[in-house]
Amino acid sequence: MKQLMGGARRRTALVGGAVVVLVAAGLGTWATDTWPFDGKDTYCWGAWKEDSGPGFLSRKALDEDNASRTSKETAPTPRRQRGQCTVSLHSERVGSDGDQIVAETKITVTYGPAPEGAGQRLEWIDGYLGDRAMPLPDGLPGATDGKQALLVLPEGCDTRDGRPTAVTLDTVARTVYSDTTMSADAGLGGSQSVARLLVAVANRAMEKAGCAPAEPLEAVSPMTTLPEEDESFFTRACRIRGLEFGKEGRDLEYQVGAVTRDFQSCSVRTQRGDGRYFDALMVAQPRFSALLDGVTGTKAPARGWRGTGVFADDYKVVRADCAGRPLTVLMLAPSLHETTPYFTAFANAVARRVGCAPIAPGGSSR
Amino acid sequence: MTDSENAEPAENNENNERDGSGAANARVPLHERRRPWWHWGRLAGSRLRLAVIIGVAGAVVGALLGGAGVAWRAGAGPFADDRACWGAFGEDDVAALFDGKRDIKTSEVPITTDRIGSQGPSGTCRLTSPRGRRITVQAHQLDTGFGGAGDRWADEFLSARLTPLGDGLLGMASDTRAWLAVPDGCIGRPSRLDVSGGPTVIDMETGWTVYDDDVDTKARDALARAVVKLVNRYMADEGCTGRIADPVRRMPEPPRFLVEKKDGMCGVKGLRLPSTYQHEGRHRPLLTRGDGPVRTCDRGVLFDHPGLRLMTIEDPRLAVLYDRLSRDGAKEPVRTGAHGEQDGYGFIRDDMGLFQAECQTGQVTFLVRADDGEHPDDIRALLPRYVAAEADRVGCGPLRVTLPAEG
């Protein structure tokens, strides 16, 4: 009896103490909005955390419609300088007419060097720097349009044969109805948000690969946005003299991309069907240039051209010295139209803009 | 061993309990006498009094906590927010703008947008020292119709005394003026298709000075830092990510009067200096230092108004300020070579010439403007050469403008 009473008292004291501690801890977590056992998932080698910002990582994205988020990843290692991670969102619901509607979002991050073949590599770099892509902030050698992104990693991560390693981000987001498929918003939160996601995953990947720089990369400053939408019904494309289209321009549209000292893009396409007429790209940023090492061959592409280059069936590329750094101009075009005059005009106009001697025959310098 | 040690205090407790119940009728129970004087049991004396005391104490503590909480949430009392200008400046930031003085009064109108959003966001903040110095901070969207607020804004804030903040920022600073556009990723980029499509800027003015070419670097740096803090705070309030870094370390020295060669007016090669402006003194030129967005060459500045200005605006987000004027500024349009309108628009008048070029980077403004129409020939002589030379410099060449016949 005596023992029992004593035990009860002590228990009361213990329980009281525990309650006080719990209440204090609860207040603390409530006040600071932290929770030690949040059970939140992380993705892409731990670089991204559930509920950490953009919509596709939010808990809310899983709230309805039989939604699920899955991920797959292969981390790079010091031995194997390649890696990939994928985050997929999948949801299904039944539409008003009883049909099934499936929403799919897939975000893929790839760590590794650029594709080997020249044609493939040009397509690859145009995919990330062309169209509506704008440079990443804080001088990072990269670009994004809010859906795709590229970042060239520091020299320390170059492959053994001296090719740069890049981290890329690609998005597929679509809604599939019974009779049609529509593209959708992936919920990445815009260019600024993509820049941060990309830099976070690049830092983590470099740690895994054992080539992280002393200071992690950062994307803090605001990004500039593209000044314009695509233009249709025009005669001069991308405000570049020599890209004149006369009557043909009525069925085409053009998109001016970034126009900086580091890169410049101009794409012309058919209004219907988004078919490519040509994609013209200038690349001068040294790390971007390094990605293109070897694609321009060893001799001039044709008479009167400066530097080295290749004119192939579906692409043209030339590299020449421009104020001490290599400047590469390239044009991707299906061989349906004669695009050489446009390529000549683009090469010389861009060279003149950045203050260089003409690259193509027939140009004049400042 | 351990068991017996543990059991002993429990037994003592039990003894106390029993003693207490045994002497329940005594005036001061034995167990109470054993308690120290401050024990609640001794202080209260009875259960009722204890309940009352606990109740009152609880109410007082509750009221204090509640009051503190409300004050904290409302930012009043000891939690008062003494941050000035929409929360952008702490006390040290304000002191940095007033040579370390801390007795600065502040008043502000919050940044709001009008009901239909046609004017963009606007707000005002004023910092006043008891010694009469004051700084006015304005958040507003620049008007594209009139060179940004009736030319006065351009006169003062695009003056050659200001140095660009660099790093692609759309902003400049001197010791009396500073401005910075809210980054376009945050609230959208200005567009000429917009009714009032100018950039939204936050600017600061501290008065005017007669020391044209003597910009106090320390004061300029303080203003540059302050205007970045204002924009960073505004972005945070708007829920935009991104932070602009301290611009000061990459800014060049403030400008000094330029020593001009006769065929190098404003440092533009091949541009002949008209005789009207050849005399020394008041007409010495001041030229913006650093890279873009603006290169201004002012001379004969009086009350912030230049006697003659040659200006190039490279950044299309700012060049949009002259877009409308370039199309309807005068009856005599300026033309360019074979492609006509494709290279841009412009006009020439007795007091000014303007060409708004369509460059690869977007619109670029070339402006020659006098404060009176007394030297129309000078304007006519200057505009084509200025446009040609500057277009080459900014990568928009070749650009040859032809003037309408005199008449």
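Residues numbered from 1 in each chain as written. Chains lettered and ligands numbered in written order. Predicted model: local features only at pLDDT ≥ 70, side-chain atom pairs only at ≥ 80, totals over all residues. Heavy atoms only, no water.

## Examining the nonpolar core
Residues and elements named next belong to chain A.
Step number 1: Membership of the largest hydrophobic core comes to 62 residues, with the highest contact counts inside it found for Trp48, Phe56, Val109, Tyr111, Leu129, Leu151 and Leu169.
Step number 2: In terms of residue count, the dominant contributor to this core is helix α3 (residues 190-209) (10 residues).
Step number 3: When residues of this core are sorted by domain, at least three fall in each of domain 1 (42-209) and domain 2 (231-353).
Step number 4: Setting aside anything within four residues of it in sequence, one finds Leu169 in contact with Trp48, Ile107, Thr108, Val109, Tyr128, Lys147, Gln148, Ala149, Leu188, Val194 and Leu198. (Core = buried A, V, L, I, M, F, W, Y, C linked by side-chain atoms within 4.5 Å. Buried < 20%, exposed > 50% of the residue type's maximum accessible area, 1.4 Å probe, protein only. Helix = DSSP H or I, 4+ residues; strand = E, 2+ residues; numbered from the N terminus. Domains from an automatic or database assignment. Contact = heavy atoms within 4.5 Å.)

## Observations regarding the environment of Val364 of chain B
Residue and element names in this part refer to chain B.
Step number 1: Tracing the backbone shows Val364 in strand β14 (residues 362-370).
Step number 2: Sequence separation of Val364 and Tyr322 is 42 residues, and the distance between their C-alpha atoms is 9.2 Å.
Step number 3: In contact with Val364, not counting residues within four places along its chain, are Thr312, Ile313, Glu314, Ala319, Phe355, Gln356, Ala357, Cys359 and Val394.

## Details of helix α2 (residues 118-129) of chain A
Residue and element names in this part refer to chain A.
Step number 1: Compared with the 16 Å implied by 1.5 Å per residue over 12 residues, the 16 Å span of α2 between its first and last C-alpha is a close match.
Step number 2: Within α2, burial applies to Arg121, Leu122, Trp124, Ile125, Asp126, Tyr128 and Leu129.
Step number 3: Taken from the residues just after α2, Asp131 is the one with a positive phi, measuring 50°. (Expected span 1.5 Å × (residues − 1).)

## Overview of the domain arrangement of chain A
Residues and elements named next belong to chain A.
Step number 1: Domains assigned within chain A are domain 1 (42-209) and domain 2 (231-353).
Step number 2: On a C-alpha basis, the centres of domain 1 and domain 2 stand 27 Å from each other.
Step number 3: Facing 26 residues of domain 1, the contacting portion of domain 2 comprises 25 residues.
Step number 4: When domain 1 packs against domain 2, close to 2,100 Å² is buried across both sides, 66% of that on carbon and sulfur atoms.
Step number 5: When the area that domain 1 buries against domain 2 is broken down by residue, the three leading residues are Leu122, Leu129 and Asp131, summing to 29%. (Buried area = accessible area lost by both parts, 1.4 Å probe.)

## Describing the pairing of strand β7 (residues 200-205) of chain B
The side chains of a regular strand alternate between the sheet's two faces.
Residues and elements named next belong to chain B.
Step number 1: Burial runs high along β7: 5 of the 6 residues are buried.
Step number 2: Across 6 bridges, strand β3 (residues 134-141) lies against β7 in antiparallel orientation. For Thr136, the partnering residue across the bridge sits in β7 and is Glu205.
Step number 3: Here strand β6 (residues 177-181) pairs with β7 via 5 bridges, running antiparallel. Following the sheet pairing, Leu180 is matched in β7 by Ile202. (Pairing = 2+ DSSP bridges.)

## Brief notes about the sheet that holds strand β17 (residues 325-332) of chain A
All names here are of chain A.
Step number 1: Pairing is antiparallel across the open sheet formed by 7 strands, whose spatial order is β11-β12-β13-β14-β17-β16-β15. Each end of this open sheet is capped by a strand with a single partner; those strands are β11 (231-232) and β15 (308-311).
Step number 2: Summarising the sheet, β15 and strand β16 (residues 315-322) pair through 4 bridges and their orientation is antiparallel. Pairing of Phe311 across the sheet is with Lys316, part of β16.
Step number 3: Along the sheet, α2 contacts β13 (263-270), β14 (276-283), β16 and β17; its crossing angle with β14, the most-contacted strand, is approximately 85°.
Step number 4: Contacting β12 (252-259), β13, β14, β15, β16 and β17, helix α5 (residues 340-353) runs over the sheet at an angle of about 30° to β14. (Axes fitted to C-alpha atoms, helices over the stretch in contact; angles between N-to-C directions.)

## Observations regarding the interface of chain B and chain A
Step number 1: Between chain B and chain A, the contact holds 30 residues from the first and 29 residues from the second.
Step number 2: Around 2,600 Å² of area is buried between chain B and chain A when both sides are counted, 45% of it from carbon and sulfur atoms.
Step number 3: Counting across the interface, chain B meets chain A through 3 salt bridges.
Step number 4: Across the salt bridge formed by Arg236 of chain A and Asp343 of chain B, the nearest N and O atoms sit 2.9 Å from each other.
Step number 5: Taken together, the links from chain B to chain A amount to 13 residue pairs in polar contact (both at pLDDT 80 or more).
Step number 6: Of all the secondary structure elements, the ones that give two or more residues to the side of chain B that touches chain A are α1 (2-22), α7 (184-187), β13 (352-359) and α11 (376-393) of chain B.
Step number 7: Of all the elements, α1 of chain B adds the most residues to the side of chain B that touches chain A, at 4 residues.
Step number 8: Across the side of chain B that touches chain A, the residue classes tally to 9 nonpolar, 10 polar and 11 charged. (Salt bridge = Lys/Arg side-chain N within 4 Å of Asp/Glu carboxyl O. Polar contact = N/O pair within 3.5 Å; in protein donor to acceptor, adjacent residues only side chain to side chain. Nonpolar A, V, L, I, M, F, W, Y, C, P; charged D, E, K, R; others polar.)

## Considering the state of the cysteines
All names here are of chain B.
Step number 1: Tallied over the entire structure, the rule returns 7 disulfides over all chains.
Step number 2: One disulfide in the model links Cys85 with Cys125; its S-S distance is 2.0 Å. Judged by the sign of its S-S torsion, about -70°, the bond between Cys85 and Cys125 is left-handed. In this pair, Cys85 sits in the loop between α4 (47-74) and α5 (91-97) while Cys125 sits in strand β2 (residues 121-128), placing the two residues 40 residues apart along the sequence.
Step number 3: Its relative accessible area of 0% is what places Cys125 among the buried residues. (Disulfide = S-S within 2.5 Å.)

## Focus on a nonpolar patch on the surface
Residue and element names in this part refer to chain B.
Step number 1: On the surface, Leu48, Val52, Val56, Val60 and Leu64 cluster together to form a nonpolar patch covering roughly 510 Å² of accessible area.
Step number 2: Assignment of secondary structure puts Val52 in helix α4.
Step number 3: On the basis of relative accessible area, Val52 is assigned to the partly exposed category, the value being 49%. (Patch = residues over 30% accessible without salt bridge, like charges linked within 9 Å, V, L, I, M, F, W, Y side chains within 5 Å. Areas by Shrake-Rupley, 256 points an atom, 1.4 Å probe, with all protein chains shown as cover.)

## Overview of helix α8 (residues 217-237) of chain B
All names here are of chain B.
Step number 1: Spanning 21 residues, α8 covers 30 Å between terminal C-alpha atoms, matching the ideal 30 Å at 1.5 Å per step.
Step number 2: Its side-chain oxygen 3.0 Å from the backbone nitrogen of Lys218, Asp216 forms the N-cap of α8.
Step number 3: One or two positions beyond α8, positive phi appears at Gly239, with a value near 80°.

## As for the packing of aromatic side chains
Aromatic ring pairs are reported here in terms of the distance separating the ring centres and the angle at which the planes meet.
Step number 1: If you walk through the whole model with that rule in mind, you get 16 aromatic pairs over all chains.
Step number 2: Summarising the aromatic geometry, the rings of Phe263 of chain A and Phe288 of chain A are spaced 5.7 Å apart at their centres and angled 80° between planes, so their arrangement reads as edge-to-face. With a gap of 25 residues between them, Phe263 of chain A in strand β13 and Phe288 of chain A in helix α4 (residues 286-291) connect regions that are remote in the sequence.
Step number 3: One aromatic cluster is present, built from ring pairs that chain together Phe234, Phe245, Tyr254, Tyr277, Phe278 and Tyr342 of chain A.
Step number 4: Looking at Arg177 of chain B, its charged tip hangs above the ring of Phe157 of chain B, at a distance of 5.6 Å from the centre.
Step number 5: Taking the ring centre of Tyr345 of chain B as reference, the NZ or CZ of Arg327 of chain B above it sits at 4.1 Å. (Phe/Tyr/Trp six-rings, centres within 6.5 Å; stacked < 30°, edge-to-face > 60°. Lys NZ or Arg CZ within 6 Å of the ring centre and 35° of its normal.)

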